[in-house]
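# Architecture at a glance
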Amino acid sequence: MSIHQTSFVLSVEDLTVSFDGFKAVDGLTFYVEPNECRVMIGPNGAGKTTVLDLICGRTRATGGSVRFKDQELLTMREDQIVLAGVGRKFQTPSVYEDLSVFENLELSFPRGHGVFGSLFFRRDAEVKDRIQEIAETIFLADLLDEKAAFLSHGQKQWLEIGMLLIQDPELLMLDEPVAGMSVAERKKTAELLNRIIDHRSVIVIEHDMGFVEDIATRVTVLHQGKTLSEGKMDKVKNDPKVIEVYLGH
Ligand SMILES: Nc1ncnc2c1ncn2[C@@H]1O[C@H](COP(=O)(O)OP(=O)(O)OP(=O)(O)O)[C@@H](O)[C@H]1O
């Protein structure tokens, strides 16, 4: 498939950032398709988190371009990028511990949509329906009234994913979503991600190779801020360059 025939959700071209002369991301190019789960792997310090920071506007690029559909993200603020439809989850869950699962999801429902005043009731119903739907997706439908503080670490991670999903992003970026999760929770998270990409694209940074195999549409291996290898997991894991970087022979 040629680049020009596809409408990518995200086009990252020649993306570069230098910190005091050190290029943490160095001329990186990759394209994410609709309904794709792209997994970024690579050794510590390869630049994975920095790539997500650049896409979501947290770090300013030194050069290159990041287009989300037809919008250039590199000139936009972080909040504008969220509104455009790019959600980002960081490594540590940041849910409101004193609030219930329902309230956490309710707080994340996008404001400023729809008509207020006489239509408040309709909006209320809309919010409740959406929360119910999201809670089912993230395996928390039976725990809507539970305080977030009482959830397991894995359930808190799912809740945070739910708080992003309720904003209906077209691109969701997750940094090591299964770190600290049990085997059973990892399996359910893989199921969750496979469900999520029915309606959107996802970029995941991950170290757990078993999990990567379960979720990846394609894998990008980063090394020293550049693409070392890219493609289906089968191809990437047998690439001699990747084996050398990971195993050092
Ligand atoms: N704000 C910054 N200022 C200076 N150097 C930075 C900054 N952010 C990242 N770096 C450097 O850029 C390099 C890439 O870091 P990054 O966190 O993106 O790697 P990573 O692939 O996510 O690693 P890990 O798997 O350990 O999380 C590292 O050498 C890091 O020290």
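Look up: the structure comes first, before these words.
The structure contained in this document is the topic of the report that follows. Computed from a predicted model, the values in this text were never measured in an experiment. (Residues numbered from 1 in each chain as written. Predicted model: local features only at pLDDT ≥ 70, side-chain atom pairs only at ≥ 80, totals over all residues.)

It is worth spelling out the nonpolar core at this point. Within the largest apolar cluster, 64 residues are counted, with the highest numbers of intra-cluster contacts made by Val-39, Ile-55 and Leu-159. For this core, the element with the most residues is helix H5 (residues 153–165), which contributes 6 residues. Those residues within four positions of Val-39 in sequence are excluded, and the remaining contacts are Val-204, Glu-206, Val-212, Ile-215, Ala-216 and Val-219. (Core = buried A, V, L, I, M, F, W, Y, C linked by C-beta atoms within 7 Å. Buried ≥ 20, exposed ≤ 12 C-beta atoms within 10 Å, placed from the backbone. Helix = DSSP H or I, 4+ residues; strand = E, 2+ residues; numbered from the N terminus. Contact = placed C-beta atoms within 7 Å.)

Read across the sheet, 6 strands follow the order S6-S7-S8-S3-S9-S10 without closing on themselves; strand pairing throughout is mixed. Edge strands, defined here as strands with exactly one partner in the open sheet, are strand S6 (86–89) and strand S10 (226–231). With strand direction ignored, the average angle separating the axes of adjacent strands in the sheet is 15°. Note that strand S9 (residues 218–223) and S10 share 5 bridges and pair antiparallel. By the bridge assignment, Leu-222 is partnered in S10 with Thr-227. (Pairing = 2+ DSSP bridges. Axes fitted to C-alpha atoms, helices over the stretch in contact; angles between N-to-C directions.)

Moving on, we come to the site of the ligand. Taken together, Phe-19, Ala-24, Gly-42, Asn-44, Gly-45, Ala-46, Gly-47, Lys-48, Thr-49 and Thr-50 are the residues near the ligand. Grouping the constituent residues of the shell around the ligand by class yields 3 nonpolar, 6 polar and 1 charged. (Near = placed C-beta within 6 Å. Nonpolar A, V, L, I, M, F, W, Y, C, P; charged D, E, K, R; others polar.)

Judged by pairing direction, the sheet is antiparallel, and its 4 strands sit side by side in the order S2-S1-S4-S5 without closing on themselves. On the outer flanks of this sheet lie strand S2 (22–32) and strand S5 (71–72), each paired with one strand and no other. In terms of strand pairing, strand S1 (residues 10–19) meets strand S4 (residues 63–68) through 5 bridges, oriented antiparallel. Across the sheet, Val-12 pairs through a bridge with Val-66, a residue of S4. Sitting on the sheet, helix H1 (residues 48–55) is in contact with S1, S2 and S4, with an inclination near 70° to S2.

Here we come to the packing of helix H3 (residues 101–108) against H5. Where H3 contacts H5, the axes come no closer than 8 Å and their chain directions differ by 30°. By the criterion of interaxial angle, the relationship of H3 to H5 is roughly parallel. Between H3 and H5 the crossing geometry is right-handed. Here H3 contributes Val-101, Asn-104, Leu-105 and Ser-108 to the contact with H5, which in turn contributes Leu-159, Gly-162 and Met-163. The class makeup of the residues in the contact of H3 with H5 is 4 nonpolar, 3 polar and no charged. (Parallel < 35°, antiparallel > 145°, perpendicular 65-115°, else oblique. Left-handed = near helix turned anticlockwise from the far one by under 90°.)

On to the environment of Arg-38, then. With respect to the helices and strands, Arg-38 occurs in strand S3 (residues 37–41). For the pair Arg-38 and Glu-230, spaced 192 residues apart in sequence, the C-alpha separation works out to 9.9 Å. Excluding residues that lie within four positions of it along the chain, Arg-38 makes contacts with Val-32, Ile-203, Thr-217, Arg-218 and Thr-220.

In short, the description is geometric, and any link to function would need to be established separately.
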